[in-house]
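What follows is the residue order along each chain.
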Amino acid sequence: VQLQASGGGLVQPGGSLRLSCAASGNFFEIGDMAWYRQGAGRQREYVVIISRAGTTNYADSVKGRFTISRDNSKNTIYLQMNSLKPEDTAVYYCNIVSRGTGGWNNYWGQGTLVTVSS
């Protein structure tokens, strides 16, 4: 299973970005899909998760500003990030659980850098 994340970049405070993460490879189904982030010198932290049915759960730090969505036909999730703050600067990683011939496994994408700065 491969995860391709894209959409990162440099944006000014208050601006917006949209991240995407597409899953490909050999699997029967994908379960939960999530975004995590890791700022410089910090531990990786949870941002948001979405179930196959569309149930979501956001970290308090991004509630009301970030919106996750999912297209099961494309095995892709999106993260719309609005009202960005400098503290949102981080490498954003997508994470999924998928079921293959060996059962359920957890996978990470390569990360995409988001920099919020004036």
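Refer to the preceding data block for the structure.
Below: a short report on this structure.

What counts and how
- Residues numbered from 1 in each chain as written.
- Predicted model: local features only at pLDDT ≥ 70, side-chain atom pairs only at ≥ 80, totals over all residues.
- Heavy atoms only, no water.
- Helix = DSSP H or I, 4+ residues; strand = E, 2+ residues; numbered from the N terminus.
- Contact = heavy atoms within 4.5 Å.
- Polar contact = N/O pair within 3.5 Å; in protein donor to acceptor, adjacent residues only side chain to side chain.
- Buried < 20%, exposed > 50% of the residue type's maximum accessible area, 1.4 Å probe, protein only.
- Disulfide = S-S within 2.5 Å.

### Here's the deal with the environment of Glu29
Next up, step 1: Residue position: Glu29 is located in strand 4 (residues 29-38).
Next up, step 2: C-alpha separation for the pair Glu29 and Gly109, spaced 80 residues apart in sequence, amounts to 17 Å.
Next up, step 3: Filtering out sequence-adjacent residues up to four positions away, Glu29 remains in contact with Ser98, Arg99 and Trp104.
Next up, step 4: Here Arg99 takes part through its side chain, which lies 2.8 Å from a polar atom of the side chain of Glu29.

### Points about unusual backbone geometry
Next up, step 1: Within the chain, Asn75 stands out as a residue other than glycine whose phi angle is a positive 50°.
Next up, step 2: Turning to its location among the elements, Asn75 is positioned in the loop between strand 7 (66-71) and strand 8 (76-81).
Next up, step 3: Residue Asn75 is classed as partly exposed on the basis of its relative accessible area, which comes to 23%.
Next up, step 4: Unusually for a residue other than glycine, Ser83 sits at a positive phi of about 50°.
Next up, step 5: Mapped onto the fold, Ser83 is located in the loop between strand 8 and strand 9 (90-100).
Next up, step 6: Judged by relative accessible area, Ser83 falls into the partly exposed class, the value being 41%.

### Let's talk about the state of the cysteines
Next up, step 1: For the structure on display, the rule yields one disulfide.
Next up, step 2: The disulfide that involves Cys21 links it to Cys94, with 2.0 Å between the sulfurs. Between Cys21 and Cys94 the sulfur-sulfur dihedral comes to about 55°; the bridge is accordingly right-handed. On the criterion of sequence distance, the pair formed by Cys21 in strand 3 (residues 17-24) and Cys94 in strand 9 is long-range, its members being 73 residues apart.
Next up, step 3: For Cys94, a relative accessible area of 0% corresponds to the buried category.

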